[in-house]
Amino acid sequence: MARPDGLSTASIKDTLAVLGDVIIPTLGKGVLIRRPRIVALAERLNLDERAVRRLQSLSRKYGTGPLLLPIPGRTQAVILSPEHVHRVLQGAPEPFAPSTLEKHAALAHFEPNVSLISHPPERAERRYFNDEVLESQCPVHSMADGFSAVVGDEARVMLAQAGSELSWDAFITAWYRMVRRVILGDAARDDHELTAMLAKLRRAGNWAFLHPGRKGLKRRFHERLKEHLNRTEPGSLAARIKARPNTDATAPTDQVAHWLFAFDPGGMATFRALALIVSHPDAGRRASEEISANRTIGHTPLPFVRACILESLRLWPTTPAILRETTEDVQWPGGVMRKHTHVLIYTPYFHRNDESLPEAHQFAPDLWLGAAPGGHWPLIPFSEGPGICPAHNLVPTLGSMMLAAILGRHKIELKDPDRLHSDRPLPGTLDNYTLRFSLTG
Ligand code: HEM
């Protein structure tokens, strides 16, 4: 069906199907912090694959979109074609604003001034702060040598304590020790309480408007974070923050709260990449050779291991829903998209679309070793354009250092090898919380 303004509109039945197969499972797993039991259920019921099938069937029925969903009180569009993905993402912050109503409601629980939910003009300084300190344009951060020593330390302690089995809990504890040292300095290494406070705020954020907020906790969290930043420990990103001309608009603790939060998915992607590498013998061999030769492409170390992390994010994107809101009417070939339309890009639909991507359900790290991953096809775990994740280089850098530190020291196997078989299509969801590895040697 086409509306008077020209864009196709889904039937009520199809809209309910998108809500049931795509939107509710995404919200149910937890947007800001995952709910492990629901993630386990999603793997068992293969919910992510079902979501991709649903959007494939809508695309066959309604064409290339954008497709409007008739949801009372809201104008919602779903993007179904690669060209439209690029157009929307390149059009940030206007006319496609990254700051949307729901994102604001969720993130304001602990970082009301983060760049992601800021509008111009404040957005410009906050985004610039992130780009500058995280060195978003550099494949390898200028402080990477120091970070590498920190990752090596934490991996060593983790493996010594793990004994013969590496679990998610042991991994994420070590990962966050490393993250706090890199961002705030060595004195923050054992401040697990800071990360726990943030986890509580993220749990409130999962409920967005439906949670009244934890104002006292938010204040205490920001005070504690500020104390860490004020130490400006040499070798940490805190020292870099102090060295730049921050203004009232910068709101450094809000930006850094986001970093601490977003390293959780960084850990998930790294742990899943470890599972992929050890369950694919050819990849395991390539990774080991690269690590022992300390290979680089240009100035970028460990290109294959980095590609494995990107591939883990293609297969199981940790930000499956990229949301935008139009700031003005936008003309499309099919018609006009009204101002304040909510736009959904569901990345698994593009990353796992077996009608267009032959490698959809295989582990194919080589996709990331060419000039443009997937050519024109959108492989966008970190988004793209002016709103691209400013840590899109830092996450693979730290993740590949961690994988090298683990794989270089141990013979490691997945304890439940049936979950990832190199000769079977990979599952739509991979529950990172229940992955376990046996360590020998
Ligand atoms: C696996 C790890 C990560 C993934 C997959 C990821 C992905 C993304 C994506 C898709 C966006 C765009 C969101 C949107 O437009 O709604 C984003 C934004 C952002 N990410 Fe990440 N991220 C990761 C980790 C990190 C880390 C570790 C940091 C900081 C150290 C970070 C900092 C940011 C910031 C500041 C933004 C907002 C950018 C803006 O306002 O334009 N991310 N990330």
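Look above for the structure.
Residues numbered from 1 in each chain as written. Predicted model: local features only at pLDDT ≥ 70, side-chain atom pairs only at ≥ 80, totals over all residues. Heavy atoms only, no water.

### Considerations on the pairing of strand 12 (residues 436-440)
- Residues Phe-437 and Leu-439 of strand 12 are buried on one face, while the alternating residues Arg-436, Ser-438 and Thr-440, pointing to the opposite face, are not.
- Here strand 4 (residues 165-167) runs beside strand 12; their pairing, made up of three bridges, is antiparallel. Paired with Leu-166 across the bridge in strand 12 is Phe-437.
- Bridge analysis of strand 11 (residues 411-414) against strand 12 gives four bridges, and the strand direction is antiparallel. Considered in strand 12, the bridge of Lys-411 is made with Thr-440. (Buried < 20%, exposed > 50% of the residue type's maximum accessible area, 1.4 Å probe, protein only. Helix = DSSP H or I, 4+ residues; strand = E, 2+ residues; numbered from the N terminus. Pairing = 2+ DSSP bridges.)

### A short note on the site of the ligand
- Around the ligand lies a shell of 26 residues, among which Lys-103, Ser-115, Arg-127, Arg-324 and Cys-389 are the nearest.
- The side chain of Arg-127 places a nitrogen or oxygen atom 2.7 Å from an oxygen atom of the ligand.
- A distance of 2.7 Å separates an oxygen atom of the ligand from a polar atom in the side chain of Arg-324.
- Breaking the shell around the ligand down by element, the ones donating at least two residues are helix 6 (122-134), helix 12 (252-279) and strand 7 (321-326).
- The biggest single contributor to the shell around the ligand is helix 12, with six residues.
- Its residues assigned to classes, the shell around the ligand comprises 14 nonpolar, eight polar and four charged. (Near = heavy atom within 4 Å. Polar contact = N/O pair within 3.5 Å; in protein donor to acceptor, adjacent residues only side chain to side chain. Nonpolar A, V, L, I, M, F, W, Y, C, P; charged D, E, K, R; others polar.)

### Digging into the sheet that holds strand 10 (residues 342-346)
- Taken together, the five strands give an open sheet; going across it, the order is 1-2-10-7-3, and neighbouring strands pair in mixed fashion. Only two strands of the sheet have a single partner each, and these edge strands are strand 1 (67-71) and strand 3 (96-97).
- Inspection of the sheet shows strand 2 (residues 74-78) paired to strand 10 by three bridges, in the parallel sense. Across the sheet, Gln-76 pairs through a bridge with His-342, a residue of strand 10.
- Packed onto the sheet, helix 3 (residues 47-62) meets strand 1, strand 2 and strand 10 and runs at close to 120 degrees relative to strand 10. (Contact = heavy atoms within 4.5 Å. Axes fitted to C-alpha atoms, helices over the stretch in contact; angles between N-to-C directions.)

### Details of unusual backbone geometry
- Cis peptide bonds are those with omega within 30 degrees of zero, and the linkage from Gly-65 to Pro-66 qualifies with -5 degrees.
- Looking at the secondary structure, you find Pro-66 in the loop between helix 3 and strand 1.
- Positive phi is not limited to glycine here, since Leu-302 has a value of about 50 degrees.
- Checked against the element boundaries, Leu-302 lands in the loop between strand 6 (300-301) and helix 14 (303-315).
- Look at Leu-302 and you get buried, because its relative accessible area is 8%.

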